[in-house]
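Here is how the chains run, residue by residue.
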Amino acid sequence: MSNFGLYEERIRDFKWSIAEKELEYSNGNILNIGWYCSDRICLKGKAEKIALYYEGFGGIKKTFTFNDIRIAGNTIGSFLRNLGIKDEDRVCLFMDRIPELYLSFLGVLKIGAIVQPLFSAFGEESLFVRLENAQTRAIITQSRHLSKVRMIRDRLPHLEFIIVVDHVVTKKLENKEIAFSLSDSPPVGNLEIFPTKAESPSVLHYTSGTTGQPKGVKHVHYSLISQYLTTKWVLDLQENDIYWCTADPGWVTGTSYGIIGPWSLGITQCVLDAGFSAHAWYRFIDDYQITVWYSAPTAIRSLMKAGDEVVAQYNLKSIRHLASVGEPLNSEAVLWSIKMFDKPFHDTFWQTETGCIMITNFPGMKVKPGSMGKTFPGITGTLLDPVTYEPIKETGKVGLIAFQPGWPSMMRSYWNNEEKYREKFKNGWYLSGDRSSIDAEGYFWFIGRDDDVINTGGHLVSPFEVESALLEHPAVAESAVVAKPDEINMEVVKAFITLKPGFNANPDLELEIMNFIRKKLSPLAMPQAVEFMDKLPKTRSGKIMRRLLHAKEWGEEIGDISTLEND
Ligand code: 6R9
């Protein structure tokens with residue numbers, strides 16, 4: 001059988017029940033992701049297998065077996081349950097990539113509560129809007145992030161518990177704060193797992209759109225089915241693999257493929273929480289003899305820039321399979337990886353909303369550098385005409401990437417935002433919001449997003465959120481935020497600002513405005529360039545035309561400006 005045949009083979013007679021069968025997933029059994037990722041693996045005889053190799057700043061190392069993560073999940077779950085946290089309560093995880101982050105994820109799910117992971121670099125305002133929207137009841141955090149939580153807790157009436165996992169007794173805890181130390185708590189060997197059903201909510205990830213506040217993407221425990229199977233077939237994880245997913249669990253890649261996928265398969269994974277440097281990353285692969293590596297184009301471009309001679313200083317022969325997600329993977333990056341590791345990075349396309357990989361260069365399939373590959377077996381994908389929303393028949397024509405709803409890990413709703421959820425469907429198709437073409441062999445070629453959302457280094461930034469933060473500064477009259485091209489991150493955030501009367505544009509004011517919004521936004525959303533303008537281009541109805549500013553930055557044709565306001 002040729003390699004190409006494997007993909008064909010998988011597609012033929014595909015049913016999601018393949019995964020249900022392997023997972024012994026049926027009513028009457030425990031259907032809880034927390035249990036699947038730890039207890040079940042132990043029951044399968046792998047209690048002493050390593051689940052996690054962790055390395056933090058300063059070279060701190062910790063190792064956990066599947067039995068360790070099972071017990072730690074129980075201990076955290078039991079602690080939360082004793083506080084009165086119950087099923088479907090929202091519990092936010094606001095931590096760096098320390099072991100407690102991964103272990104709390106299991107603990108929260110085990111008691112049937114909903115995990116709300118948020119990136120620890122978020123500023124207090126970004127944190128506030130997400131906690132307020134979810135009416136979050138508890139937040140688990142670290143001392144170093146406590147000051148941000150303290151600034152907003154009084155405006156969050158639903159937030160009852162602020163749990164600090166690394167509290168030192170010399171510091172005073174304040175209102176709502178509770179210390180919890182995993183190492184000092186009596187280990188809970190057996191916990192009654194909450195009997196979640198397939199459709200019980202599990203994870204609530206926030207994602208940014210062009211307008212309005214970020215939306216909470218609600219997933220359910222049944223998502224496991226597609227996360228398990230895509231991890232197995234696309235990331236190609238096998239029993240003896242040592243796997244490294246470089247994503248932070250504040251984003252969907254870090255939970256679907258940084259926790260649920262590998263652990264439900266009983267695979268050993270590594271976590272490095274020590275920032276980025278080419279030497280540190282290669283050294284990590286070398287030290288742990290990593291075999292499967294799932295990363296992102298911005299990181300790959302940074303590694304390319306660091307120089308090929310750095311690669312040569314490490315033994316990276318262990319690498320067996322490479323995959324990438326989050327932004328367009330340029331063909332140069334694929335060709336580079338073939339040169340350096342003798343293997344291509346396999347692109348994977350998916351979203352917070354899809355919960356699992358949708359389009360991919362399937363292992364063994366011919367990789368076309370620059371293409372995202374084909375739909376995963378069981379996924380029906382097409383391109384829709386942007387006007388009629390009918391599937392496009394002609395090869396090579398650009399359209400909107402759309403999927404037929406119904407795969408297991410599809411979002412079930414946007415939290416408290418039925419209207420926005422409904423907008424995602426047209427003619428029975430789920431609209432991804434991205435544009436692509438498809439070639440004669442069925443390969444997707446990414447073109448761009450269909451909205452104003454900025455994808456900087458794989459992180460989606462809503463121009464609205466940055467503009468709102470800017471508008472809070474007393475000197476700012478109006479603002480418009482667009483993407484600007486960047487060699488490493490592909491796109492960075494650029495802000496155009498008009499000032500209120502009495503204020504003059506100068507470098508001091510720019511610095512002051514930047515310092516002002518730095519407290520509100522995540523570092524990733526911070527503008528890398530600012531331009532003061534006398535006025536912003538607007539439509540006759542008064543809407544700021546970001547499209548014109550975008551075209552200016554990218555040196556593109558401006559296109560139809562018939563709606564532009566006259567002087
Ligand atoms: C998993 C994740 C989703 C958006 C998506 C698209 C972009 C993701 C991509 C890609 C080109 C790829 N995107 N994978 N663009 N090629 N292989 O990233 O989820 O944070 O929700 O972002 O990212 O624009 O719509 P999320």
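Residues numbered from 1 in each chain as written. Predicted model: local features only at pLDDT ≥ 70, side-chain atom pairs only at ≥ 80, totals over all residues. Heavy atoms only, no water.

Some details on the overall build of the chain
Within the chain, the secondary structure is distributed over 18 helices and 27 strands. The long-range share in the chain, meaning contacts at least 24 apart out of those at least 6 apart in sequence, stands at 68%. Accessible surface, the chain: about 23100 Å² in total, of which carbon and sulfur atoms supply 51%. With 62 positive and 70 negative side-chain charges, the chain shows a spacing of 3 Å between the two charge centroids. (Helix = DSSP H or I, 4+ residues; strand = E, 2+ residues; numbered from the N terminus. Contact = heavy atoms within 4.5 Å. Areas by Shrake-Rupley, 256 points an atom, 1.4 Å probe, with all protein chains shown as cover. Lys, Arg positive; Asp, Glu negative; His and termini not counted. Charge placed at Lys NZ, Arg CZ, Asp CG, Glu CD.)

A word on the site of the ligand
As a matter of local geometry, the ligand sits amid 18 residues, with D347, T348, Q351, T352 and D434 nearest to it. Between the ligand and Q351 there is a distance of 2.9 Å, counted from an oxygen atom to a side-chain nitrogen or oxygen. Interatomic distance of 2.5 Å between a side-chain N/O atom of T352 and an oxygen atom of the ligand. Against a free-state accessible area of 540 Å², the protein chains account for coverage of 96% of the ligand. Contributing elements (two or more residues each) for the shell around the ligand: α10 (252-264), β14 (345-349) and β22 (444-449). Considering only residue class, the shell around the ligand consists of eight nonpolar, six polar and four charged. (Near = heavy atom within 4 Å. Polar contact = N/O pair within 3.5 Å; in protein donor to acceptor, adjacent residues only side chain to side chain. Nonpolar A, V, L, I, M, F, W, Y, C, P; charged D, E, K, R; others polar.)

A word on the side chain of S295
Note on placement: S295 falls in strand β12 (residues 292-295). A distance of 3.0 Å separates polar atoms of two side chains, one belonging to S295 and the other to T246.

A word on the environment of E390
As for its placement among the helices and strands, E390 is situated in the loop between β17 (381-384) and β18 (399-403). For E390, a relative accessible area of 44% gives the class partly exposed. A sequence separation of 160 residues divides E390 from T230, and the C-alpha atoms of the two residues are 28 Å apart. Among residues more than four places away in sequence, those in contact with E390 are L383, L384, D385 and N427. At 3.5 Å, the side chain of E390 and the side chain of N427 are in polar contact. (Buried < 20%, exposed > 50% of the residue type's maximum accessible area, 1.4 Å probe, protein only.)

Description of the packing of aromatic side chains
Where two aromatic rings form a pair, the distance of their centres and the angle of their planes describe that pair. For the coordinates displayed, the defined rule picks out 33 aromatic pairs. Each ring, one from F122 and one from W251, has its centre 6.1 Å from the other, and the planes form 80°; the classification is edge-to-face. Of the two residues, F122 sits in the loop between β4 (114-117) and α7 (124-134) while W251 sits in the loop between β10 (242-245) and α10, which places them 129 residues apart along the sequence. Ring centres of Y257 and W350 lie 5.1 Å apart, and the angle between their planes is 85°; on these two criteria the pair is classed as edge-to-face. (Phe/Tyr/Trp six-rings, centres within 6.5 Å; stacked < 30°, edge-to-face > 60°.)

Regarding the sheet that holds β12
Within the open sheet, the nine strands sit side by side as β2-β1-β11-β10-β12-β13-β14-β15-β16. Their pairing is mixed. One side of each edge strand has no neighbouring strand; the edge strands of this open sheet are β2 (61-65) and β16 (374-375). By the bridge criterion, four bridges tie strand β13 (residues 321-325) to β14 in an arrangement that is parallel. Among the inter-strand pairings, A323 is bridged to a residue of β14, identified as H346. Along the sheet, helix α12 (residues 297-306) contacts β12, β13 and β14; its crossing angle with β13, the most-contacted strand, is approximately 120°. (Pairing = 2+ DSSP bridges. Axes fitted to C-alpha atoms, helices over the stretch in contact; angles between N-to-C directions.)

Some thoughts on the nonpolar core
Judged by nonpolar contacts, the single largest core of 100 residues is most densely connected at W263 and Y294. No other element matches the seven residues that helix α6 (residues 99-110) contributes to this core. The residues touching W263, leaving out its near neighbours within four places in the chain, are Y36, C37, I41, A51, L52, F66, I69, Y102, L106 and Q269. Ranked by size, the runner-up nonpolar core spans 28 residues in total, among them I290, L303, Y314 and I319. (Core = buried A, V, L, I, M, F, W, Y, C linked by side-chain atoms within 4.5 Å.)

Comments concerning helix α14 (residues 331-341)
Within α14, burial applies to A333, V334, W336, S337 and F341. The buried residues of α14 occupy one face: seen down the axis, they fall within an arc of 160°. Each element contacted by the buried residues of α14 is listed here: α11 (278-288), β12, α12, α13 (308-311), β13 and β14. The positive-phi residue at the C-terminal boundary of α14 is D342, with phi of around 65°. (Arc of directions from axis to C-beta.)

Some thoughts on the domain arrangement of the chain
For the chain, the assigned domains are domain 1 (3-436) and domain 2 (454-554). For domain 1 versus domain 2, the separation of C-alpha centres amounts to 30 Å. Both faces combined, the contact of domain 1 with domain 2 buries some 1800 Å², and carbon together with sulfur accounts for 55% of it. Between domain 1 and domain 2 we count one salt bridge in total. Here R130 ties to E465 by a salt bridge, and the two come within 3.0 Å at their closest N and O atoms. Along the contact surface separating domain 1 from domain 2 lie eight residue pairs in polar contact (both at pLDDT 80 or more). Breaking the side of domain 1 that touches domain 2 down by element, the ones donating at least two residues are α7 and α12. (Domains from an automatic or database assignment. Buried area = accessible area lost by both parts, 1.4 Å probe. Salt bridge = Lys/Arg side-chain N within 4 Å of Asp/Glu carboxyl O.)

Looking at the environment of I152
Here I152 is to be found in helix α8 (residues 143-152). On a C-alpha basis, the gap between I152 and F128 in space is 6.4 Å, while along the polypeptide they are 24 residues apart. Excluding residues that lie within four positions of it along the chain, I152 makes contacts with E124, L127, F128 and L131.

A word on the packing of helix α5 (residues 66-83) against α6
In the contact formed by α5 and α6, the axes pass within 7 Å of each other and the chain directions differ by 55°. One element, α5, and the other, α6, form an angle in the oblique class. For the element pair α5 and α6, the recorded crossing hand is right-handed. Contacts between α5 and α6 pair I69, R70, A72, G73, N74, I76, G77, L80 and R81 from the former with L103, S104, L106, G107, V108 and K110 from the latter. (Parallel < 35°, antiparallel > 145°, perpendicular 65-115°, else oblique. Left-handed = near helix turned anticlockwise from the far one by under 90°.)

Focus: the pattern of salt bridges
Here the structure, examined in full by the defined rule, presents 40 salt bridges. Linking E9 and R12 is a salt bridge whose minimum nitrogen-to-oxygen distance equals 3.3 Å. Relative accessible area serves as the criterion here: at 38%, E9 is assigned to the partly exposed category. Judged by relative accessible area, which is 55%, R12 ranks as exposed. Here the salt bridges do not stand alone but share partners, grouping R150, R153, D154, E174 and E177 into one network.

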